[in-house]
Amino acid sequence: VKAEELLRRGDAAGAWEQAEAGLQEHPGQTDLIQLRSDAAMRCPEYIAAIERARQSERRDDPVAALGGYLAARNLYPGSELAKKEIQKLSDRLLQN
């Protein structure tokens, strides 16, 4: 699994993203749940930024959500998740 390799290399945020993506496709896979948990313990600030952004999206506050994803990207510049969400929210905000 790519997430395991990323975690071994010290890329906890990347491992968390990979495990999170895998859980979207296979929600009950316990090894991915454990891997995501292990990775999250090593990058709590990044996870907190992602969670703040997701909470803002649920509250329909796209500006705050964008800020959260930008903060996450600042903590982990290689974040594909943050990059995708920043693009999605930017497009949404620019259309309004």
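Higher on the page you've got the structure.
Just so it is clear, the structure is predicted and the values come from calculations on it, not from any experiment.

A. Spotlight on the packing of aromatic side chains. Enumeration over the complete set of coordinates arrives at two aromatic pairs. Aromatic pair Tyr46 and Tyr76: ring centres 5.7 Å apart, planes at 80°, arrangement edge-to-face. Placement of Tyr46 in helix 4 (residues 44-58) and of Tyr76 in the loop between helix 5 (62-75) and helix 6 (80-95) is noted, with a sequence separation of 30 residues between them. The exposure classification of Tyr46 matches that of Tyr76, with both residues buried. One aromatic cluster is present, built from ring pairs that chain together Trp16, Tyr46 and Tyr76.

B. Highlighting the side chain of Ser79. Mapping Ser79 onto the fold places it in the loop between helix 5 and helix 6. Beyond its immediate stretch of four places on either side in the chain, Ser79 contacts Glu17, Tyr46 and Arg73.

C. Quick look at the environment of Gly14. Mapped onto the elements of the fold, Gly14 is located in helix 2 (residues 12-25). Owing to a relative accessible area of 4%, Gly14 belongs among the buried residues under this scheme. Remark: the alpha-carbon pair of Gly14 and Ala3, spanning 11 residues in sequence, is separated by 7.1 Å. In this view, Gly14 contacts Leu6 and Tyr76; residues no more than four positions away in its chain are not counted.

Cut-offs and rules
- All residue numbers here refer to positions counted from 1 along the written sequence of the relevant chain.
- Restriction of local features to residues with pLDDT of at least 70 applies here, the model being predicted, together with a cutoff of 80 or more for giving and counting side-chain atom pairs; totals for whole chains, interfaces and linings are based on all residues.
- Only hydrogens and water are set aside when side-chain values are computed; all heavy atoms of the structure are taken into account.
- Planes of paired rings set the category: under 30 degrees apart is stacked, over 60 is edge-to-face and the rest tilted, where pairs are Phe, Tyr or Trp rings (Trp by its six-membered ring) whose centres lie within 6.5 Å.
- Only runs of H or I of at least four residues qualify as helices and only runs of E of at least two qualify as strands under DSSP, and these elements are numbered from the N terminus.
- A simple rule labels every residue: compare its accessible area, found with a 1.4 Å probe on the protein chains alone, to the largest value its type can have, and call it buried under 20%, exposed over 50%, or partly exposed in between.
- Contacts were defined at the residue level, with two residues in contact if any of their heavy atoms lie within 4.5 Å.

Everything listed here is a matter of geometry and, on its own, says nothing about what the molecule does.
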